[in-house]
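If you want the building blocks of each chain, they are given just below.
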Amino acid sequence: MLKLSGKAVYKGIVMGPVAVLGKDDQSIKRTKITDADAEIVRVDKAGEQAKAQLQKLYDKALKEVGESSAAIFEVHQMMLEDEDYLDAIHNMIRTEMVNAEYAVAVTGDNFSEMFAGMDNDYMKARAADIKDISNRLVRNLTGREDMSLTDMEPSIIVADDLSPSETVQMDKEKILAFVTVHGSTNSHTAILARMMNIPALIGVEVDLNEIHTGMKAVVDSLKGEVIFDPSEDIYAEAEKKIQEEQEKYRLLQSLKGKENVTRSGRKIHIFANIGSVSDVGYVLENDAGGIGLFRSEFLYLGRDDFPTEEEQFQAYKQVAQTMAGKKVVIRTLDIGADKQVDYFHLGREDNPAMGYRAIRICLKQPDIFKTQLRALLRAAVYGNISIMYPMIISVEEVRQIQAIVSEVEAELKEKEIPYKMPEQGIMIETPAAVMVSDELAELVDFFSIGTNDLTQYTLAVDRQNERLDDFYNPHHKAILRMLRMVTENAHKCGKWVGICGELGADLELTEEFLRMGIDELSVAPSMVLKIRKIVRESEV
Ligand code: PEP
Ligand code: MG
């Protein structure tokens, strides 16, 4: 029996057989070659084959997990054409007269280490991608098959780390849980796990040589632990706990279609957060009353040019139509800080979280902003869309936004393009916005509190820095007082106020939010029914 702990990305308990995904560790031999040109032709052929495979993966991902997750395969296709990467492989073949497999593997390792050592979190995350494409090239060169997990029985996937292409190739019905040695809470695996309610543990210090496919394990991410080769007692105990969890799940399902109302009659809206059009399925499946935060910047990520007005219009329209009259709050782009996009040419900053990002980019580069606004105003004809502006710090900014929106409206009117003026609100995620929320409330239709950023700016604690986890405390008195203040100021002006940061899903605070008078909570789809249960049992 081997008991290990890790960080829970999504909580749940499962037991079953283990499937160990080894790294592509079939050792690659260095051999001397005599014809460098012939080796380079082999690399190029393997590259063409890889591009075709990636296109297939992109199409599959688009259907199954949506645009934002699929985009990574476009990035891989682009990486395969990167001149620095290809030159490094070609040079090694020519100067060292080595076989293509070896040159690709070594170059892949070097580039991946280089990315891993970078300051920027986005670039760091590319280390796994470069490994992924190098492994693919080596597989193509050696004629090995692409990983196939389709014949596998439902299993607990244990891996060093999971690359996006490994994750998306898996048949979701066959995954009981994820357990990985590495990975961050923002990795694709983590995002998928949360969206699909799959228990997942990361940062588990397991030696993959000590475990094997087929052995039994219990993953209890509620407790943050995994037990390989459990004793009969532990297995029986887990079985009992799983039944209890299943019973809880069944009870939650019975709350579908029910109101979010307390015993004393107080109502609250429970909406869901999404990042792509295809996430709407999870919103409906979990019976959320609407979408309280559509992070539209995901439409801009993982591509090499701006999405056109038409592309954006189609995406917003589709979400609005699918939600059939339910509220859909679309946030204008929040690029910058951890969400970097090459074609924005934002440049390096010492303090990106406090830098050129979100509404600041939109106000400085109004053409980008106007394209998005036109798409939003046009899509508003097809459903119940609201627009929300991120990272606001002042009344002046809101006035500037209003002037730009008026220009866009005038243009649409003049060209006789159908549009509707949606409800418009702002995110309260800076201490400055909190302090002037009395004045801001007069200018906008609603507030949505972004507790993720509000916590980092109020406590001066970088939300991305793992070492500061113990200091990042959204329960801090300062934050709770701010929530109260913002709610009071919104209500004085007759405006509604919601929370769309992660704190909104904190079940320990649901009753406190009800007491404060918060009107809406927007949370991960999988949290909607859990909050509804607490609301319905509350006396507040
Ligand atoms: C927030 O800051 O709380 C928020 C919801 O926005 P994001 O997490 O996208 O920065
Ligand atoms: Mg934010």
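So, here's what we can say about the structure. Please read these numbers as outputs of a predicted model, since none were measured by experiment.

**Some points on the overall build of the chain**
Argument step 1. Each helix and strand counted, the chain has 19 helices and 16 strands in total.
Argument step 2. Taking 24 Å as the expected radius of gyration for a compact globule of 540 residues, we find that the chain reaches 25 Å, a close match to that expectation.
Argument step 3. Principal axes of the C-alpha set define a box for the chain whose edges measure 80 × 65 × 40 Å.
Argument step 4. In the chain, which comprises 540 residues, the share counted as buried stands at 54%.
Argument step 5. Across the chain, the fraction of contacts at a sequence separation of at least 24, relative to all contacts at a separation of at least 6, is 68%.
Argument step 6. For the chain, the accessible area works out to roughly 24800 Å², and carbon and sulfur atoms hold 49% of it.
Argument step 7. Positive and negative charge centroids in the chain, built from 64 and 90 side chains respectively, lie 4 Å apart.

**Let's talk about the site of ligand 1**
Argument step 1. Close to ligand 1 lie 14 residues, the nearest being Arg295, Arg331, Gly450, Asn452 and Arg463.
Argument step 2. At 3.0 Å, a side-chain N or O of Glu429 approaches an oxygen atom of ligand 1.
Argument step 3. Taking Asp453, its main chain carries an N or O atom lying 3.0 Å from an oxygen atom of ligand 1.
Argument step 4. For ligand 1, the accessible surface in isolation is 290 Å², of which the surrounding protein chains cover 98%.
Argument step 5. When residues of the shell around ligand 1 are traced back to their parent elements, those giving at least two are strand 10 (291-295) and helix 16 (451-459).
Argument step 6. Considering each element in turn, the shell around ligand 1 owes the most residues, 3 residues, to helix 16.

**A closer look at the coordination of the magnesium ion (ligand 2)**
For a metal with four tetrahedral donors the ideal donor-metal-donor angle is 109.5 degrees, while six octahedral donors give ideal angles of 90 or 180 degrees.
Argument step 1. Each protein donor to the magnesium ion (ligand 2) is listed here as Glu429 (OE) and Asp453 (OD); together their distances run 2.0 to 2.2 Å. Of the two residues, Glu429 is situated in the loop between strand 13 (423-428) and helix 14 (431-435) and Asp453 in helix 16; the sequence distance between them amounts to 24 residues. Asp453 shares its class with Glu429; the two are buried.

**Observations concerning the packing of aromatic side chains**
Argument step 1. Taken as a whole and judged by the stated rule, the model has 9 aromatic pairs.
Argument step 2. Geometrically, the ring pair formed by Tyr300 and Phe344 is tilted, given 6.1 Å between the ring centres and 55° between the ring planes. Of the two residues, Tyr300 sits in the loop between strand 10 and helix 10 (309-322) while Phe344 sits in the loop between strand 11 (327-331) and helix 11 (359-364), which places them 44 residues apart along the sequence.
Argument step 3. You can call Tyr300 buried: its relative accessible area is 1%.
Argument step 4. Where Phe306 meets Tyr343, the ring centres are 4.7 Å apart and the plane angle is 70°; that geometry is what we call edge-to-face. Of the two residues, Phe306 is situated in the loop between strand 10 and helix 10 and Tyr343 in the loop between strand 11 and helix 11; the sequence distance between them amounts to 37 residues.
Argument step 5. The cationic tip of Arg378 hangs over the ring face of Phe313; the distance from NZ or CZ to the ring centre is 4.0 Å.

**What about the nonpolar core?**
Argument step 1. Phe344, Tyr389 and Phe447 are the most contacted members of the largest nonpolar core, which totals 83 residues.
Argument step 2. Residues within four places of Phe447 in sequence aside, it is in contact with Ile426, Ile428, Ser437, Leu440, Ala441, Val486, Ala490, Trp496, Val497 and Gly498.
Argument step 3. Counting residues in each nonpolar core, the second largest holds 34 residues, with Leu57, Phe73, Ile93 and Val138 among its members.

**Brief notes about the pairing of strand 5 (residues 175-180)**
Argument step 1. Of all 6 residues in strand 5, 5 are buried; the element is thus mostly enclosed.
Argument step 2. Of the strand pairs in this sheet, strand 4 (residues 155-159) and strand 5 are connected by 5 bridges, and their pairing is parallel. Considered in strand 5, the bridge of Val158 is made with Val179.

**Quick look at the packing of helix 16 against helix 17 (residues 477-492)**
Argument step 1. The contact between helix 16 and helix 17 brings their axes to 10 Å, and the two run at 125°. Regarding the angle of helix 16 to helix 17, the classification is oblique. When the axes of helix 16 and helix 17 are compared, the crossing they make is right-handed. For the pair helix 16 and helix 17, the contacting residues are Thr451, Leu454, Thr455 and Thr458 in the first and Ala478, Ile479, Met482 and Leu483 in the second.
Argument step 2. Partitioned by chemical class, the residues of the contact of helix 16 with helix 17 number 5 nonpolar, 3 polar and no charged.

**With respect to the side chain of Lys370**
Argument step 1. Topologically, Lys370 is positioned in helix 12 (residues 366-379).
Argument step 2. Since its relative accessible area comes to 14%, Lys370 is described here as buried.
Argument step 3. Aside from chain neighbours lying at most four places away, what touches Lys370 is Ile404, Glu407, Val408 and Glu411.

**Here we look at the environment of Lys240**
Argument step 1. Position of Lys240 among the secondary structure elements: in helix 8 (residues 232-253).
Argument step 2. For the pair formed by Lys240 and Asp229, sequence separation is 11 residues and the distance between their alpha carbons is 18 Å.

**With respect to the sheet that holds strand 15 (residues 496-499)**
Argument step 1. With parallel pairing, the 8 strands of this closed barrel are ordered in space as 9-10-11-12-13-14-15-16. Here the strands of the sheet are splayed against their neighbours by 25° on average, with no regard to which way each runs.
Argument step 2. Taken strand by strand, helix 12 contacts strand 11 and strand 12 (384-389), and its axis lies near 155° from that of strand 12.
Argument step 3. Contacts between helix 17 and the sheet are confined to strand 13, strand 14 (446-449) and strand 15, with strand 15 contributing the most and set at about 155° to the helix.

What counts and how
Residues numbered from 1 in each chain as written. Chains lettered and ligands numbered in written order. Predicted model: local features only at pLDDT ≥ 70, side-chain atom pairs only at ≥ 80, totals over all residues. Heavy atoms only, no water. Helix = DSSP H or I, 4+ residues; strand = E, 2+ residues; numbered from the N terminus. Rg over C-alpha atoms; globule rule 2.2 N^0.38 Å. Buried < 20%, exposed > 50% of the residue type's maximum accessible area, 1.4 Å probe, protein only. Contact = heavy atoms within 4.5 Å. Areas by Shrake-Rupley, 256 points an atom, 1.4 Å probe, with all protein chains shown as cover. Lys, Arg positive; Asp, Glu negative; His and termini not counted. Charge placed at Lys NZ, Arg CZ, Asp CG, Glu CD. Near = heavy atom within 4 Å. Polar contact = N/O pair within 3.5 Å; in protein donor to acceptor, adjacent residues only side chain to side chain. Donors = N, O, S within 2.8 Å, 3.2 Å for Na, K, Ca; no water. Phe/Tyr/Trp six-rings, centres within 6.5 Å; stacked < 30°, edge-to-face > 60°. Lys NZ or Arg CZ within 6 Å of the ring centre and 35° of its normal. Core = buried A, V, L, I, M, F, W, Y, C linked by side-chain atoms within 4.5 Å. Pairing = 2+ DSSP bridges. Axes fitted to C-alpha atoms, helices over the stretch in contact; angles between N-to-C directions. Parallel < 35°, antiparallel > 145°, perpendicular 65-115°, else oblique. Left-handed = near helix turned anticlockwise from the far one by under 90°. Nonpolar A, V, L, I, M, F, W, Y, C, P; charged D, E, K, R; others polar.

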